[in-house]
4 protein chains.
Amino acid sequence: MKKTLRENLYEIIFEADTPSGKIFDVALLIVILISILLVMLESVPTINSEYRWILRVMEWVITGIFTVEYTLRVAIVKKPFKYIFSFYGIIDLLAVLPTYLSLVIVGSHSLVVIRAIRLLRVFRIFKLSRYTVAGQFLLKALWASREKIFVFLFFIVNMVVIVGTLMYLIEGPEHGFKSIPSSIYWAIVTMTTVGYGDISPETALGQFLASFVMIAGYAIIAVPTGIVTAEMMKRPEKTNTQVCSNCMNDQHENDALFCKRCGQKL
Amino acid sequence: MKKTLRENLYEIIFEADTPSGKIFDVALLIVILISILLVMLESVPTINSEYRWILRVMEWVITGIFTVEYTLRVAIVKKPFKYIFSFYGIIDLLAVLPTYLSLVIVGSHSLVVIRAIRLLRVFRIFKLSRYTVAGQFLLKALWASREKIFVFLFFIVNMVVIVGTLMYLIEGPEHGFKSIPSSIYWAIVTMTTVGYGDISPETALGQFLASFVMIAGYAIIAVPTGIVTAEMMKRPEKTNTQVCSNCMNDQHENDALFCKRCGQKL
Amino acid sequence: MKKTLRENLYEIIFEADTPSGKIFDVALLIVILISILLVMLESVPTINSEYRWILRVMEWVITGIFTVEYTLRVAIVKKPFKYIFSFYGIIDLLAVLPTYLSLVIVGSHSLVVIRAIRLLRVFRIFKLSRYTVAGQFLLKALWASREKIFVFLFFIVNMVVIVGTLMYLIEGPEHGFKSIPSSIYWAIVTMTTVGYGDISPETALGQFLASFVMIAGYAIIAVPTGIVTAEMMKRPEKTNTQVCSNCMNDQHENDALFCKRCGQKL
Amino acid sequence: MKKTLRENLYEIIFEADTPSGKIFDVALLIVILISILLVMLESVPTINSEYRWILRVMEWVITGIFTVEYTLRVAIVKKPFKYIFSFYGIIDLLAVLPTYLSLVIVGSHSLVVIRAIRLLRVFRIFKLSRYTVAGQFLLKALWASREKIFVFLFFIVNMVVIVGTLMYLIEGPEHGFKSIPSSIYWAIVTMTTVGYGDISPETALGQFLASFVMIAGYAIIAVPTGIVTAEMMKRPEKTNTQVCSNCMNDQHENDALFCKRCGQKL
């Protein structure tokens, strides 16, 4: 039974397990990488002044390719609306919009770096499932600990607001703490141990309070780490649901064929 | 049976499960957020010079609202003293005091940011219990590891005092290590990996010692993290609600079949 | 039976469970704290210029007290040599030496901050055992992972030496990387995420390599954390050695009175 | 039976359990350390200007020693090609090349610091096996979590590219964000909490976005830590050496009584 053109295109564009589908995906990844590189290069003044037009033309060519690709995807897929409003559909659209937008708003074409998200397709080519499992495992662990993370963030936000205000009162605009928002910015910079040094306390009392914030930030990092680690270990990537029919032990490793407690075949 | 005005007010102000109680709590949260925003905006010089009076008037209006609310709470609740000296009671009072205090001490009204703590009520509105459980879990894990954290902090304080003094002797005031306290401040900034760069060693020996402090700080962070993680995993967020029918002990592990205190079957 | 003076003094100086022993220990702690504070204050130029003589006299008085105390300890204890060469004995001696040393080497009296280590005695006063257990637990966990930590540090040292040299070749003295040792110092500052900013790469290639070092340092911190956490959980502060006489299960919590698997009394 | 010269040399150079072999290895380590020290000292301008010729001569002498040693190793070993292309063989060659290369490319001799990797032989001298086990344990834990680490790095790279571009649009070259690549460099410096401060946001919007990046970076560090810790605990440093007598499987948990692959009693 001969395939129609549509079926052939579907296989090439949407699937990655036929040779032509694989080639298409690899080509796509390369074009995405080139396109991101172009935007970066264009932003470098010395390169921009010399190769401005070449870079611009190439960007429009690539945007053209992506536009055609997006149109094809919408045309070929069986349920166009489902694709358009899916995660990949939205990313695919956002990947072409900035260049057109740059006709109206100058400079906005830099936003094509959002194409980087399209690189997620790389996982489709090389042993998809293992990376998807790894990614889902990470997301599940984070999702399962969302309440704890939310409570933790609430505490952090509260702390930086109060500490920032105190530092504003202690140090004041004459030592670089120009306003409460910028003092809160300082508190975040300090608490997260980033420490730019663009704003830093100069009075003895300010340095004393800052020391507490630093030690707090240094110790508090244990909390998200503890949350995520505990969560990751609670659900130990168990893909098997093996239970021993003899002693009912269900704590088997993934590669176990026999019960480790009683020797029963699983 | 008709409710008295007092009972109605109690439901609105203190409870969050009736529609009017929910609306009251949401309104309160919004007013708190506005009030914090006002204080922040007021501290920004450009905004302050233009909108000074509007911001001031709004702050007094909000403080008025909070004062009325606090008075009502005290008047309505059955045991006023218990409320006044409870955690929420103290926070509610502290949330109104700074504005009145600013009549005496200039600038102290910035402390109204303490109102941020009142935002804790947000957890009363949306699925209270899950966040409370998460919060209590975090607090319990930290509380259970208090001895280890105390020993750890003792070690850190000792280390920064000794290292700070050594650096003061090595680098001296001519390289920015003006006094022992400010050298200890540097040691804290370095050990916690904040690293402002406002003070940094310049002699070869100083940089050598600093390198040790940095690597120590980098490795030592493993200790609080290990403590908290181990603690979090030891008490794995009770998903069971098993209570022994004999001795009422509710601290059972998930895989427990018998009460570990009295041997009663669960 | 009347106690001799020597026995009385022994109880006061070496023990902490009699009232007079407790008072002695608390007094000692206060004197140590005052002495550390004195050294700090003396290093602050404005304070030093005004109160120089008072501070000096007080320091000599305190050193006198400590010298008398040390002599008494050696005189009273049954095995003087064992005390002298014990951890506490050495610290007690080091706590008095710097002041006498300052007669020979100017400024060396700042080293009396080593007295801070004597504060360890604080744990003798308040519920000794629990903090000792916590401290020993931390030390054991670190000691048990010494091989892994050593291998890890070896890897880190190797990496900063090689990266530092590469950066010296790439950036060179004209961008602040004055020599290989100072480039290695930069590598340590960067790898440990301290990031003073006193030296920072300026060439594109240097910033590219620095990015790798940063991400490596950011991810590598997971290794010591993992080592210590895993070690802490492997030996879960098990102070009991309870084994069920019925089913031989030995995984009981410290407060368990009955086997959680079969209900047997432990 | 008398040993040939070749056999004797083999024992000295390749083995570390005879006295002469041990002496050879210790001597080698000392020479390596001296050689690294030489390169470092040479890069320090003040030392270089004075001792230039001594340092150069010593470096050539050491390179000569290493060249002889490498030639001997190739000559003595039974399978020369296997050695040459082994990890140690390549490192041994790389350790001599830079000095010869410096005849062609000025300054390249600094690369002899790669000799630092040869220090790995230190583990051969002191209780080899324990450190090798520790090292292999760390490598295995990292290798087993490679998919998760790859997904994590992919996410990080994507995030810094997008955040960097946004900051370039928000802050622009006038606030130090000269181009997209240098803004991405800033994003990495911030996300990894290094925070040099050579580039830092100055607009309110930029500081707001930067705050998110910092808190994200602060919390995200929990992910690699969680991955590595969970992995380290999953494969708990085999202390048993149980090998199934039936199927030769040696991957048994410590509490296993029966082979999990074939059901054979262990």
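It should be noted that the structure appears before, not after, this text.
Keep in mind that what you see is a predicted model, and the values were worked out from it rather than measured.

1. Some thoughts on the relation of the copies chain D and chain C
By a simple turn and slide, chain D fits onto chain C: the slide is 0.0 Å along the axis, the RMSD is 0.1 Å, and the turn is 90°. The operation mapping one copy onto its partner corresponds to a four-fold rotation axis. Taken as a fraction of all interface residues of chain D, those also at the interface in chain C reach only 17%, which identifies the copy contact as different-surface.

2. Some thoughts on the pattern of salt bridges
By the definition in use, this model includes 20 salt bridges over all chains. Between Asp-92 of chain B and Arg-73 of chain B there is a salt bridge; the shortest N-O distance is 3.8 Å. Linking Asp-92 of chain B in helix α5 (residues 87-94) with Arg-73 of chain B in helix α3 (residues 45-76), this pair joins segments that are 19 residues apart in sequence. Note on accessibility: Asp-92 of chain B and Arg-73 of chain B belong to one class, buried. Salt bridges here are not isolated pairs; linked through shared partners, they connect Glu-69, Arg-73 and Asp-92 of chain A.

3. Describing the interface of chain D and chain C
Contact with chain D, which involves 46 residues of that partner, is made by 44 residues of chain C. Of the roughly 3800 Å² buried between chain D and chain C on both sides combined, carbon and sulfur atoms contribute 76%. For the chain D face of the interface with chain C, the top three residues by lost area are Tyr-185, Val-194 and Tyr-196 of chain D, together amounting to 16%. For the interface between chain D and chain C, the tally reads 0 salt bridges. If you look at where chain D meets chain C, you find 6 residue pairs in polar contact (both at pLDDT 80 or more). Those elements that place two or more of their residues in the side of chain D that touches chain C are α2 (19-43), α7 (122-125), α8 (128-144), α9 (146-171), α10 (180-191), α11 (204-220) and α12 (222-234) of chain D. Per element, the largest residue contribution to the side of chain D that touches chain C is 7 residues, and it comes from α8 of chain D. Across the side of chain D that touches chain C, the residue classes break down as 32 nonpolar, 11 polar and 3 charged.

4. Quick look at the environment of Gly-226 of chain C
Mapped onto the secondary structure, Gly-226 of chain C falls in helix α12 (residues 222-234). Excluding residues within four positions of it along the chain, Gly-226 of chain C makes contact with Thr-229 and Met-232 of chain D.

5. Notes on a nonpolar patch on the surface
Residue and element names in this part refer to chain A. There is a patch of nonpolar side chains on the surface, built from Val-26, Ile-30, Ile-34, Tyr-51, Ile-54 and Met-58 and spanning about 500 Å² of accessible area. Listed by contribution, the elements that provide at least two residues to the nonpolar patch are α2 (19-43) and α3 (45-76). Looking at the secondary structure, you find Ile-34 in helix α2.

6. Thoughts on the packing of aromatic side chains
All told, the structure shown has 20 aromatic pairs over all chains when counted by the stated rule. For the ring pair Phe-87 of chain A and Tyr-88 of chain A, a centre distance of 5.6 Å and an interplane angle of 70° mean the geometry is edge-to-face. Here Phe-208 of chain C and Phe-212 of chain C contribute two aromatic rings whose centre-to-centre distance is 5.3 Å and whose plane-to-plane angle is 75°, an arrangement assigned as edge-to-face. Here Phe-208 of chain C and its partner Phe-212 of chain C are both found in helix α11 (residues 204-220), 4 residues apart, which amounts to about one turn of the helix.

Rules used in this analysis
- Residues numbered from 1 in each chain as written.
- Chains lettered and ligands numbered in written order.
- Predicted model: local features only at pLDDT ≥ 70, side-chain atom pairs only at ≥ 80, totals over all residues.
- Heavy atoms only, no water.
- Least-squares fit on C-alpha atoms with pLDDT ≥ 70 in both.
- Contact = heavy atoms within 4.5 Å.
- Salt bridge = Lys/Arg side-chain N within 4 Å of Asp/Glu carboxyl O.
- Helix = DSSP H or I, 4+ residues; strand = E, 2+ residues; numbered from the N terminus.
- Buried < 20%, exposed > 50% of the residue type's maximum accessible area, 1.4 Å probe, protein only.
- Buried area = accessible area lost by both parts, 1.4 Å probe.
- Polar contact = N/O pair within 3.5 Å; in protein donor to acceptor, adjacent residues only side chain to side chain.
- Nonpolar A, V, L, I, M, F, W, Y, C, P; charged D, E, K, R; others polar.
- Patch = residues over 30% accessible without salt bridge, like charges linked within 9 Å, V, L, I, M, F, W, Y side chains within 5 Å.
- Areas by Shrake-Rupley, 256 points an atom, 1.4 Å probe, with all protein chains shown as cover.
- Phe/Tyr/Trp six-rings, centres within 6.5 Å; stacked < 30°, edge-to-face > 60°.

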